[in-house]
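Results of the structural survey
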Amino acid sequence: MAAQKWAVLIGIDEYHCPDHEDTTPRNDIKNERIRYKSLDGCVNDILAIEKYLLDTVCVPAENIKKLLAPTPWRNHIADLSMVSYSRPTYLDIIKVLEDIPRDAKKGDSVYIHYSGHGARSTTVFAGLKGDEDLDECLVPCDITNGGKYLRDLEMGALLQGMVDAGLLLTVVLDCCHSGGAVRGDPVMPACKIRAIPDIHKSDLDSDKPENMNRIMALGQQDSWLTSPKGFVLLAACRERQTARECKPGSYSYGVLTYYLLRCLLGRDLDISSENISAENISAENISSEDIFNSVLSNVHNHYCDQTPHILGDLDRFFLGRQHRSKVYALSVRKAGVDRTKEPKDWFVILNGHSLNGVQIGSEYNILPFGFDLSKEIEERDILGRVKVNRIDSSGSTASFLPGIAPSPGGIREGCPAVLHTLPIDQHTKVYFHTSRDELKKEFKRLWEQHQGDETWLQLVDAKELGDFIVSVTNDDIFNIDPRYSILSPIMNCLERLRTEDMTNNLPRLIQRLQHAARFKMTKELGSNRVTQPRLADVQIAPRTGSASSMKREGVYWQVVDGDEYTITISNKSGSTLGLTIISCDYEARVARIYPGWEKYHVLDPKSSPFSESFRSQIPSSLHGAAQEELPICEVIKVFVSKFGLHSRPPDLDPLQLMGLGELEKSKRGMGVSSDGLKDLLEGLDTGKRAEHVPKNGEELTTWQVIDLPLRILPKGS
């Protein structure tokens, strides 16, 4: 019998029913009443996820169990009078989760999605945790009307039952792990937080779960949390962080759910039931790690203090059964090879999309069917080289390139396609958002007059295409939303540009956008997946003997203003390397920070690891922003490149930019010619990356980039 797919979807907006008084009010450890505030986007999360599961993943409707607690007057993406669901009470949630292993069969896939409040409570598992530990909990809708918290170990026992039954489990929890960390959101004060800040005081008799014996037995052995086999867990944030809601358009959603669906949909839009159709990307051929990396990147671009995290079998395809190869490759889905036509008219369709890292202009080497991807790829192994010219829901269409004569007999469906090189996008898209037609026409006219599209920028007509969104405030001031949290502090410190003087202010706005575009392009340079071993190993740590409290939080290294840290680089290539360290900082500045005078430092393959120390610093102009908890971030980019017989590492100085505030005060241009930067980018593009397979006689400047993202906290935080 073919494997089936199942889903349990839980969304709780309403935590207090006005028609009923609380029968089991909850108190915190100070013996004060806990208030459970209602949320806005949890039911929308579930409706949107359900539509995706039905139309794209093809989960049978009868295999989807929905438990919803909607707020009656809330704006939902579907008519709830037409939707069948149960209430997410404690007992009903337990029953549905217990029924899954009974109904499903070994090898079936199960997807569980919870959107609602997270909370903490004094433990009822003192025998396993100790008296002082806390239980992390999900909060059912009847928590003040006879229900209980669904505690971490109880949830673990239910999920362990599914793993033991041989089910392939994917769990998404869009809630806080630690409600005690809630401080509100200084950047987006209108958004809601999915957490209860008060620590609940448990009643050791009435709050214990029914399956206590099984929980205690599981507590003595490796559980699904410590033995990551057969499951994937994606959570909205880490301990002591907040899981937020957002409202990108007409409807509210959880931040994690919104960006998860945005990844799966392959575009940025206001999710609604009409948008989510069978034409979207199926997650069943995308690894859980690839999805997580995409979600993490998108969440961090907007909320740098919310860090999603993932546990489990990262190489398993999300919602699927298969595992990706250790050397990741796409495969040929369709081979459009016609011997009656010229090779330039041949094409292939690859089974990858933008979520797999595929970009327009990417080049791939087609290898023989069954090729051992653990082997080093040589020129004679390549059946043909293709360039991607279209990406849609069916895959990526690519045409054959001259240089390697295609071998039509060997090119077939299932042939692996390994990345050869990636393009470098030299245009940042700008969307001007206003409901005032005359203002939009004038903006477009002056944009064209001042050649806004000439260098680095492109004005687009669709909001979802924009990298930067320019809008107008109620005070008629231009506002730039870079969708890039690292740029938020400096953008808030710049002089306000008013629309009433658009003739003079639009050129200044364009200069800001050009500067931000170049900064964004440099920051993103080399950040795509590298499929071959790194040329160098890079480590960061507090400087020996310093009082630094440096620690890792998600993708960021957190340091305090004034902390000293050391970067250590070890040459792993067996060849001589050139090393350059560049900083992309909070003032939209790009600067070479090592070496000081030379273009690069030489790393001999036999030499000891190289180390250099640096000091973190928040400039006085951003102290106010830091105290308001705006993210003060910096990305250290470590460039390494091989020496060739007749080539040297590239000169990266054309990447450098003065700070945006400094630029405006100086009333000068950006200081580095656009031609020099274009030449550098084209050289890096044609020089290829470390995974490039050279043509016969071709000499390469092989290069790689390792990013070290920092978040600098003010002293005393």
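Shown above is the structure to which this text applies.
Figured I'd write up the structure that's included with this text. (Residues numbered from 1 in each chain as written. Predicted model: local features only at pLDDT ≥ 70, side-chain atom pairs only at ≥ 80, totals over all residues. Heavy atoms only, no water.)

1. Regarding the sheet that holds strand S3 (residues 109-115)
With mixed pairing, six strands are arranged side by side in an open sheet as S2-S1-S3-S7-S9-S12. Each edge of the open sheet carries a strand with a single partner, namely strand S2 (64-69) and strand S12 (309-312). In this sheet, adjacent strand axes meet at a mean angle of 5° when their direction is disregarded. Pairing of strand S7 (residues 168-174) with strand S9 (residues 231-235), which is carried by five bridges, proceeds in the parallel orientation. What sits directly across from Thr 170, in S9, is Val 232. Its contacts with the sheet place helix H1 (residues 42-57) against strand S1 (5-12), S2, S3 and S7, and it is angled at close to 165° to S1. (Pairing = 2+ DSSP bridges. Helix = DSSP H or I, 4+ residues; strand = E, 2+ residues; numbered from the N terminus. Axes fitted to C-alpha atoms, helices over the stretch in contact; angles between N-to-C directions. Contact = heavy atoms within 4.5 Å.)

2. Comments concerning unusual backbone geometry
Here the bond from Tyr 594 into Pro 595 is cis, since omega is -10°, no more than 30 degrees from zero. Take Pro 595: it is sitting in the loop between strand S28 (590-594) and strand S29 (601-603). Even without being a glycine, Cys 58 presents a positive backbone phi close to 65°. On the secondary structure map, Cys 58 appears in the loop between H1 and S2. By relative accessible area, which is 52% here, Cys 58 ends up exposed. Phi at Asp 476 is positive, roughly 60°, even though this residue is not glycine. The residue Asp 476 is located in the loop between strand S21 (468-472) and strand S22 (478-481) in this model. (Buried < 20%, exposed > 50% of the residue type's maximum accessible area, 1.4 Å probe, protein only.)

3. Focus: the sheet that holds strand S20 (residues 457-460)
Spatially, S20-S19-S21-S22 is the arrangement adopted by the four strands of the open sheet, whose pairing is mixed. Both edges of this open sheet fall to S20 and S22, since each of them pairs with a single strand only. Each neighbouring strand pair of the sheet contributes to a mean axis angle of 30°, computed without reference to strand direction. Here helix H8 (residues 437-449) sits on the sheet and contacts strand S19 (428-433), S20, S21 and S22; the angle it forms with S19, its principal contact strand, is near 150°. The strands touched by helix H10 (residues 502-524) within the sheet are S19, S20, S21 and S22, with S21 carrying the most contacts at an inclination of about 155°.

4. Some thoughts on the packing of aromatic side chains
Counted according to the given criterion, the structure contains nine aromatic pairs. Between the aromatic rings of Phe 432 and Phe 478, the centroid separation amounts to 6.3 Å while the plane-to-plane angle is 55°, which identifies the pairing as tilted. One end of the pair, Phe 432, is in strand S19; the other, Phe 478, is in strand S22, and 46 residues separate them in sequence. The exposure classification of Phe 432 matches that of Phe 478, with both residues buried. Judged by centre distance (5.8 Å) and plane angle (25°), the ring pair of Phe 443 and Trp 447 falls under stacked. (Phe/Tyr/Trp six-rings, centres within 6.5 Å; stacked < 30°, edge-to-face > 60°.)

5. Structural notes on H8
Along its 13 residues, H8 runs 18 Å from first to last C-alpha, staying within 8% of the 18 Å computed at 1.5 Å per residue. Of all the positions in H8, only Leu 439, Phe 443, Leu 446 and Trp 447 are classed as buried. Angularly, the buried residues of H8 cover 105° about the axis, an arc narrow enough to put them on a single face. Projecting away from the buried face of H8 at angles above 90 degrees are the exposed residues Asp 437, Glu 438, Lys 441 and Glu 448. The elements touched by buried residues of H8 are S19, S20, S21, S22 and H10. The positive-phi residue at the C-terminal boundary of H8 is Gln 451, with phi of around 55°. (Expected span 1.5 Å × (residues − 1). Arc of directions from axis to C-beta.)

6. A closer look at the pattern of salt bridges
Two side chains carrying opposite charge are able to pair once their charged atoms lie near each other. Following the criterion strictly, the structure yields 20 salt bridges and no others. A salt bridge links Asp 207 to Arg 26, with the shortest nitrogen-to-oxygen separation between them at 2.8 Å. Remark: Arg 26 occurs in the loop between S1 and H1 and Asp 207 occurs in the loop between strand S8 (195-200) and helix H5 (212-218); sequence separation between them is 181 residues. The closest approach of N and O atoms between Arg 508 and Glu 495, which form a salt bridge, is 2.9 Å. Of this pair, Arg 508 sits in helix H10 while Glu 495 sits in the loop between helix H9 (488-493) and H10; the two residues are 13 residues apart in sequence, bridging distant segments of the chain. (Salt bridge = Lys/Arg side-chain N within 4 Å of Asp/Glu carboxyl O.)

7. Observations regarding the nonpolar core
Leu 9, Leu 53, Tyr 111 and Leu 260 are the most contacted members of the largest nonpolar core, which has 45 residues in total. Those residues within four positions of Leu 9 in sequence are excluded, and the remaining contacts are Ile 46, Ile 49, Glu 50, Leu 53, Ile 64, Lys 65, Lys 66, Leu 67, Tyr 111 and His 113. (Core = buried A, V, L, I, M, F, W, Y, C linked by side-chain atoms within 4.5 Å.)

8. Overview of the pairing of S21
Burial of S21 is extensive: five of the five residues sit out of reach of the surface. Of the two faces of S21, the one carrying Phe 468, Val 470 and Val 472 and the one carrying Ile 469 and Ser 471 are both buried. Sheet topology note: the S19/S21 ladder contains four bridges and is parallel. Note that in S21 the partner of Val 430 across the bridge is Phe 468.

9. So, helix H4 (residues 152-164)
Spanning 13 residues, H4 covers 18 Å between terminal C-alpha atoms, matching the ideal 18 Å at 1.5 Å per step. Counting buried positions along H4 gives ten out of 13 residues, so the element sits mostly inside the fold. What H4 keeps buried is the set Glu 154, Met 155, Gly 156, Ala 157, Leu 158, Leu 159, Gln 160, Gly 161, Met 162 and Val 163.

10. Focus on the packing of H8 against H10
The geometry of H8 relative to H10 is characterised by a closest axis approach of 10 Å and an angle of 65° between their N-to-C directions. Taken together, the axis directions place H8 and H10 in an arrangement best described as roughly perpendicular. Crossing hand, H8 versus H10: right-handed. Taken together, the residues of H10 that come into contact with H8 (itself represented by Leu 439, Glu 442, Phe 443, Leu 446 and Trp 447) are Met 502, Thr 503, Leu 506, Leu 509, Ile 510 and Leu 513. A per-class count over the contact of H8 with H10 returns nine nonpolar, one polar and one charged. (Parallel < 35°, antiparallel > 145°, perpendicular 65-115°, else oblique. Left-handed = near helix turned anticlockwise from the far one by under 90°. Nonpolar A, V, L, I, M, F, W, Y, C, P; charged D, E, K, R; others polar.)

11. Let's talk about the environment of Gly 11
Take Gly 11: it is sitting in strand S1. For Gly 11, a relative accessible area of 0% puts it in the buried group. Remark: the alpha-carbon pair of Gly 11 and Gly 41, spanning 30 residues in sequence, is separated by 8.5 Å. Dropping the residues within four chain positions of it, Gly 11 is found in contact with Cys 42, Val 43, Ile 46, Leu 67, Leu 68, Ala 69, Pro 88 and Ser 115.

12. Some words on the state of the cysteines
A covalent bond bridging the sulfur atoms of two cysteines is what the word disulfide describes. Considering all chains together, one arrives at zero disulfides under this definition. Cys 237 takes part in no disulfide bond, and the closest cysteine sulfur, belonging to Cys 176, lies 4.4 Å away. The exposure class of Cys 237 is buried, given its relative accessible area of 0%. (Disulfide = S-S within 2.5 Å.)

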